[in-house]
Amino acid sequence: MLKVIILLLISLLSLSCISEVTTPYLGYTKSGTIKSYHSGTIRGRQLDSINSIRLEKGLKPIVISNELNASAITHAIDISNQGRAWNFGSDLSSPQERSAFAGFLGTVRGENVSETFEGEFEVLQVWLSHPISREVILDPKATHIGLGWYQEDNGTMWWVQIFGQENDLQE
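No experiment lies behind these values; they were computed from the predicted model shown. (Residues numbered from 1 in each chain as written. Predicted model: local features only at pLDDT ≥ 70, side-chain atom pairs only at ≥ 80, totals over all residues. Heavy atoms only, no water.)

Asks: Could you clarify how one ought to interpret the packing of helix α3 (residues 39-56) against helix α6 (residues 120-129) in this entry?
Replies: At a closest axis distance of 10 Å, the pairing of α3 and α6 adopts a crossing angle of 35°. Helix-helix and strand crossings are classified by hand; for α3 and α6 the assignment is right-handed. Together, Ile42, Arg45, Gln46, Ser49, Ile50 and Ile53 of α3 and Glu120, Phe121, Leu124, Trp127 and Leu128 of α6 make up the contact between the two elements. Here the residues of the contact of α3 with α6 are counted per class, giving seven nonpolar, two polar and two charged. (Axes fitted to C-alpha atoms, helices over the stretch in contact; angles between N-to-C directions. Helix = DSSP H or I, 4+ residues; strand = E, 2+ residues; numbered from the N terminus. Left-handed = near helix turned anticlockwise from the far one by under 90°. Contact = heavy atoms within 4.5 Å. Nonpolar A, V, L, I, M, F, W, Y, C, P; charged D, E, K, R; others polar.)

Below, the structure written as structure tokens:
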């Protein structure tokens, strides 16, 4: 009986994983809400795109940080509540303070934020087209990235992309 229950639970878990959409999120008008999309896949595509651009510029690739993801998600919810895309928390916290609170052991190199109805690739294109945001993405000292988002019921997306430099523990 225990084996049957375990097999049933494994089957249910595997079905729940299959239901998440893994295609690119193209924005509210084309893809609906983002919550049914696989967050790890979205982050992976963004990471691949950024690393391709960084490699073209002779820069080292970066990796995903779960702590920076947590900081980005928290900030995306917060800026939605504030009704403005900016780099300060409602408590006036900085990206560095939020990332440290989330457990990131390093220095925040920069943070990009956006309010839009667009998808994962469009928001990256917007950031790359702005000199300051592009500078953050192409920071040679960056080693890690976090990406978070929050979508309101009306489809508005609040995107946060944060770059950090891991502390060198060998110093």
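Asks: Got a minute to help me understand the pattern of salt bridges in this structure?
Replies: Close approach of charged atoms allows side chains with opposite charge to pair. Within the structure shown, the criterion is met by three salt bridges. Arg45 is the salt-bridge partner of Glu120, the closest N and O atoms lying 2.7 Å from each other. In this pair, Glu120 sits in helix α6 while Arg45 sits in helix α3, placing the two residues 75 residues apart along the sequence. Given a relative accessible area of 1%, Glu120 falls into the buried group. Looking at Arg45, the relative accessible area reads 16%, which means it is buried. For Arg98, the salt bridge identified is with Glu111, shortest N-O distance 2.9 Å. With Arg98 in helix α5 (residues 95-101) and Glu111 in strand β2 (residues 106-116), this pair connects stretches of sequence that are 13 residues apart. By relative accessible area, which is 10% here, Arg98 ends up buried. (Salt bridge = Lys/Arg side-chain N within 4 Å of Asp/Glu carboxyl O. Buried < 20%, exposed > 50% of the residue type's maximum accessible area, 1.4 Å probe, protein only.)

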